[in-house]
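One letter stands for each residue in the lines below.
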Amino acid sequence: MLLWLFAISLTTATAADVHPNYDDDVKPILRRYCFQCHSASEARSGLNLEAYAGVQRGGSSGEAIVPGRSSASLLYQVIAQEKDGVPRMPFGGAKLPDPLIATVREWIELGAPEHAKTPIKAAGPSLTDYRPTDLNRP
């Protein structure tokens, strides 16, 4: 009985340590929806999402991701299709399903780890995300 409880607690701890990462979670999404236009052979706008290094490098529009800040990440903005004036991707295609968008958002918020064993490096709030309200005005 005691061994069984130990095994359950070990499994629960391991499941809690799992977080979205590029290799296991994000790359399959990008492969299905983005590689047609943003791969090594067809890097439109200079963006190659096929390799983690390409995601980090970004393209001709600048950074694709800002680790820890999905709202400032162009990759998230274009697939979430929430902001006016931001291109909607995939180009000419239907919006990605919400659970896939949520996976990309969570991945970026956790610091955009490459592998499952990459430590999480979530960033704190940034001054660029600051929005004045009646509560925080001097």
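Definitions and cut-offs
- Residues numbered from 1 in each chain as written.
- Predicted model: local features only at pLDDT ≥ 70, side-chain atom pairs only at ≥ 80, totals over all residues.
- Heavy atoms only, no water.
- Helix = DSSP H or I, 4+ residues; strand = E, 2+ residues; numbered from the N terminus.
- Expected span 1.5 Å × (residues − 1).
- Buried < 20%, exposed > 50% of the residue type's maximum accessible area, 1.4 Å probe, protein only.
- Arc of directions from axis to C-beta.
- Contact = heavy atoms within 4.5 Å.
- Polar contact = N/O pair within 3.5 Å; in protein donor to acceptor, adjacent residues only side chain to side chain.
- Core = buried A, V, L, I, M, F, W, Y, C linked by side-chain atoms within 4.5 Å.
- Salt bridge = Lys/Arg side-chain N within 4 Å of Asp/Glu carboxyl O.

Visitor: Which parts of the structure should I look at to understand helix 5 (residues 98–109)?
Guide: For helix 5, which comprises 12 residues, the first-to-last C-alpha distance of 16 Å matches the rise-based estimate of 16 Å (1.5 Å per residue) to within 8%. Listed in full, the buried residues belonging to helix 5 are Ile101, Val104, Trp107 and Ile108. Axial view of helix 5: buried residues confined to an arc of 125 degrees, hence all on one face. Seen from the open side of helix 5, the exposed residues pointing more than 90 degrees away from its buried face are Asp98 and Pro99. Of the residues one or two after helix 5, Gly111 is the one with positive phi, at around 100 degrees.

Visitor: In this structure, what is going on with helix 2 (residues 22–33)? I would like to understand it.
Guide: An α-helix turns once every 3.6 residues. As a result, residues three or four positions apart point the same way. Where helix 2 is concerned, the buried positions are Tyr22, Val26, Ile29, Leu30 and Tyr33. Around the axis of helix 2, the buried residues are gathered within 105 degrees of arc, so they sit on the same side. Where the residues of helix 2 are buried, they touch helix 3 (52–57), helix 4 (74–80) and helix 5. A distance of 3.2 Å separates the backbone nitrogen of Asp23 from a side-chain oxygen at the start of helix 2, and that oxygen is part of Asn21.

Visitor: What am I meant to see in the nonpolar core here?
Guide: One broad trend across soluble globular proteins is that nonpolar side chains are buried collectively. If you look at the biggest cluster of nonpolar residues, it comprises 25 residues, and the most contacted ones within it are Tyr22, Leu30, Leu49, Ile65, Leu75, Val104 and Trp107. Residue assignment for this core shows that the elements contributing at least two residues are helix 2, helix 3, helix 4 and helix 5. Ignoring any residue separated from it by four or fewer positions in sequence, one finds Leu75 in contact with Leu30, Leu49, Ala64, Ile65, Val104 and Trp107.

Visitor: For this particular structure, what's the right way to read the side chain of Thr118?
Guide: Turning to its location among the elements, Thr118 is positioned in the segment after helix 5. With residues near it in sequence (within four places) discarded, Thr118 still touches His19 and Pro113.

Visitor: Hey, could you run me through the pattern of salt bridges in this one?
Guide: Two side chains of opposite charge can pair, provided their charged atoms sit close to one another. This model, assessed by the stated rule, comprises one salt bridge. One salt bridge connects Glu42 with Arg44, and the closest N-O pair in it is separated by 2.8 Å. Judged by relative accessible area, Glu42 falls into the partly exposed class, the value being 31%.

Visitor: Mind showing me how you'd approach unusual backbone geometry here?
Guide: Where the residue is not glycine, phi is negative for most of them; where a peptide bond is considered, it is trans in most cases. The peptide bond linking Met89 to Pro90 adopts the cis configuration, its omega dihedral lying at 5 degrees. By secondary structure assignment, the location of Pro90 is in the loop between helix 4 and helix 5. Of note in this structure, Ser45 is not a glycine but carries a positive phi near 60 degrees.

Structural measurements only, silent on function.
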